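So the chains spell out like this:
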Amino acid sequence: MEVPPGPRKNARGLKSPMRLYEYEGLDIFEGFGIPVPRRGVADSTEDALLIAGEIGYPVVLKAQVLVGGRGLAGGVKTAETPEELEELSASLLNSEIKGLPVHKLMVCEKADILNELYMGITVDGFSGKPVVVVSTEGGVNIEETARTSPDKITSFYCDPAFGFFPYQARMLLRRLGLSERLLTLFADVLVRLYRVFAQFEALIAEINPLVVLKTGYQGGLLAVDSVIEVDNSALSRIKRPMPELTERIENPLERKGREIGVTYVDLGGDIGIISSGAGLGMATMDIIGERLKPANFLETGGGITEELLYKCMELVMMKSDLRAIIINIYGGINPIHEGARGVVRYIKEHKVKLPIVAKALGNHQEETWEIFRDGGVHVITEAPTEKAVERLYELVGEE
Ligand code: GDP
Ligand code: MN
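Residues numbered from 1 in each chain as written. Chains lettered and ligands numbered in written order. Predicted model: local features only at pLDDT ≥ 70, side-chain atom pairs only at ≥ 80, totals over all residues. Heavy atoms only, no water.

As a further point, take the coordination of the manganese ion (ligand 2). Protein coordination of the manganese ion (ligand 2) is provided by N208 (O) and D225 (OD), with donor distances spanning 2.1 to 2.2 Å. Of this pair, N208 sits in strand β11 (residues 202–213) while D225 is found in the loop between β12 (221–223) and β13 (227–231), placing the two residues 17 residues apart along the sequence. Assessed through its relative accessible area of 13%, N208 is described here as buried. (Donors = N, O, S within 2.8 Å, 3.2 Å for Na, K, Ca; no water. Helix = DSSP H or I, 4+ residues; strand = E, 2+ residues; numbered from the N terminus. Buried < 20%, exposed > 50% of the residue type's maximum accessible area, 1.4 Å probe, protein only.)

In structure tokens form, the structure reads like this:
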């Protein structure tokens with residue numbers, strides 16, 4: 001089955017934002033003359049060690065995932081020695097940050113930070129104009145600053161046809177009460193960031209934090225993080241080399257899971273799992289795991305509908321070498337009979353021959369069983385998940 005390429009459209013179906021990785025953004029910044037740390041990208045601990053060896057310790061290790069707030073989520077670590085780096089890199093590369101698997105690390109020189117500033121440019125949803133936002137309170141959530149210290153943040157609406165010039169940047173930054181020297185440096189970076197924003201037709205271009213260094217480095221400021229979000233539908237117009245955007249799609253099955261709104265984790269085995277709760281899913285996985293191996297973890301997270309379960313079947317069936325599927329759902333407020341209809345509709349439409357065992361309890365259970373049986377599903381009416389798993393063993397001949 002084909003997985004549709006590209007990201008999903010947003011609610012209005014107009015823009016389809018594509019976020020770049022931090023290291024891709026820093027490469028772009030560098031090309032526009034914005035000061036950035038020395039750095040490298042590693043997908044193994046050996047590579048991380050090599051890069052750190054070239055940069056010199058201490059280094060900062062940063063998980064490359066397309067989500068903000070990595071610092072607080074444990075995705076940004078400092079290593080003082082190769083031993084420390086080895087340990088941190090090995091654990092980061094096997095972890096998830098905010099639910100996203102970490103496949104790459106950026107290793108960069110550790111900046112000696114005096115202050116953290118903020119600059120960001122986005123498209124104002126109301127006027128459609130670029131809005132430049134700057135603050136002396138960088139590093140933290142900018143919405144938080146807007147609420148707690150509105151005097152430390154200020155913004156400016158640009159005319160995209162006119163552009164954004166150094167005198168405008170200086171005028172804006174005067175409101176922050178920076179020293180003249182810092183103001184000049186900040187204005188220079190800000191104008192360059194605007195060029196990035198304009199030339200990539202970005203939806204967001206942000207440096208948070210832009211740090212003031214304790215010791216001089218290319219004039220004292222350094223962009224230690226990047227957020228660039230481009231509009232997928234504008235890509236064909238961009239004249240600059242773009243990073244390979246398809247690379248960011250880690251696992252097509254997991255991405256499809258996100259698209260349909262369920263938690264899906266791709267695993268190495270051959271027994272498909274559909275469950276209606278994380279606990280139920282984990283239990284199913286553990287129990288079948290004694291003799292069989294799960295092909296996936298899938299959890300609907302509530303909100304069961306016929307359509308959703310149809311799509312869950314579609315997703316689980318995308319793996320070609322399944323031996324069986326086990327469905328473990330519970331109906332509290334969830335209309336599991338509707339879910340069963342979705343499963344059976346999929347089975348009939350696709351003439352699924354694979355053995356499917358379902359344990360479905362709760363609200364509308366009798367009706368659910370009837371629907372499942374009509375679709376050739378092996379229904380388990382007892383409560384313990386072990387019963388369903390025993391049946392599964394029988395069906396796949398692993399007694
Ligand atoms: P985010 O949490 O995903 O936005 O990741 P950031 O790249 O912004 O890093 C989070 C925080 O880690 C920053 O606000 C800094 O306080 C800290 N940090 C990142 N890089 C460095 C560095 O080179 N040196 C030091 N001292 N701190 C850093
Ligand atoms: Mn940041």
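Let us now look at the site of ligand 1. Looking at ligand 1, there are 18 residues lining it, with K62, R70, G71, A111 and E116 nearest. For ligand 1, an oxygen atom lies 2.8 Å from a polar atom in the side chain of R70. At a separation of 2.6 Å, an oxygen atom of ligand 1 approaches a polar side-chain atom of E116. Look at ligand 1: alone it shows 560 Å² of surface, and the protein chains cover 80% of it. Mapped by element, the contributors of at least two residues to the shell around ligand 1 are β3 (59–63), β8 (113–123) and β11. When the residues that make up the shell around ligand 1 are grouped by side-chain class, the tally is six nonpolar, five polar and seven charged. Each of domain 1 (1–37 + 112–247) and domain 2 (38–110) contributes no fewer than three residues to the shell around ligand 1. (Near = heavy atom within 4 Å. Polar contact = N/O pair within 3.5 Å; in protein donor to acceptor, adjacent residues only side chain to side chain. Areas by Shrake-Rupley, 256 points an atom, 1.4 Å probe, with all protein chains shown as cover. Nonpolar A, V, L, I, M, F, W, Y, C, P; charged D, E, K, R; others polar. Domains from an automatic or database assignment.)

Contact pair helix α10 (residues 336–350) / helix α11 (residues 365–374): the axes reach a minimum separation of 9 Å and the direction vectors enclose 0°. Between α10 and α11, the angle falls in the class roughly parallel. Between α10, through I336, H337, A340, R341, V343, V344 and K348, and α11, the contact on the second element is made entirely by E367, T368, I371, F372 and D374. (Axes fitted to C-alpha atoms, helices over the stretch in contact; angles between N-to-C directions. Parallel < 35°, antiparallel > 145°, perpendicular 65-115°, else oblique. Contact = heavy atoms within 4.5 Å.)

With that out of the way, let us pick up the packing of helix α2 (residues 45–55) against helix α3 (residues 82–93). Packing of α2 against α3 leaves a shortest axis separation of 9 Å and a crossing angle of 140°. Considered as vectors, α2 and α3 are oriented oblique to each other. In this structure, α2 meets α3 at a crossing whose hand is right-handed. Seen from α2, the contacting residues are T45, A48, L49 and A52; seen from α3, they are P82, L85, E86, S89, A90 and L93. Partitioning the contact of α2 with α3 into residue classes produces seven nonpolar, two polar and one charged. (Left-handed = near helix turned anticlockwise from the far one by under 90°.)

This brings us to the packing of aromatic side chains. Under the defined criterion, the tally for this structure stands at seven aromatic pairs. Relative to Y23, the ring of Y21 has its centre 5.8 Å away and its plane inclined at 15°; by these criteria the two rings are stacked. Both rings, one in F164 and one in Y194, keep their centres 5.5 Å apart while their planes meet at 40°; by these two values the pair is tilted. Here F164 is found in the loop between β10 (153–157) and α5 (166–174), whereas its partner Y194 is found in helix α6 (residues 180–199), with 30 residues between them in sequence. An identical accessibility class is assigned to F164 and Y194; each is buried. A cation sits over an aromatic face here: R345 above Y310, 4.2 Å from the ring centre. (Phe/Tyr/Trp six-rings, centres within 6.5 Å; stacked < 30°, edge-to-face > 60°. Lys NZ or Arg CZ within 6 Å of the ring centre and 35° of its normal.)

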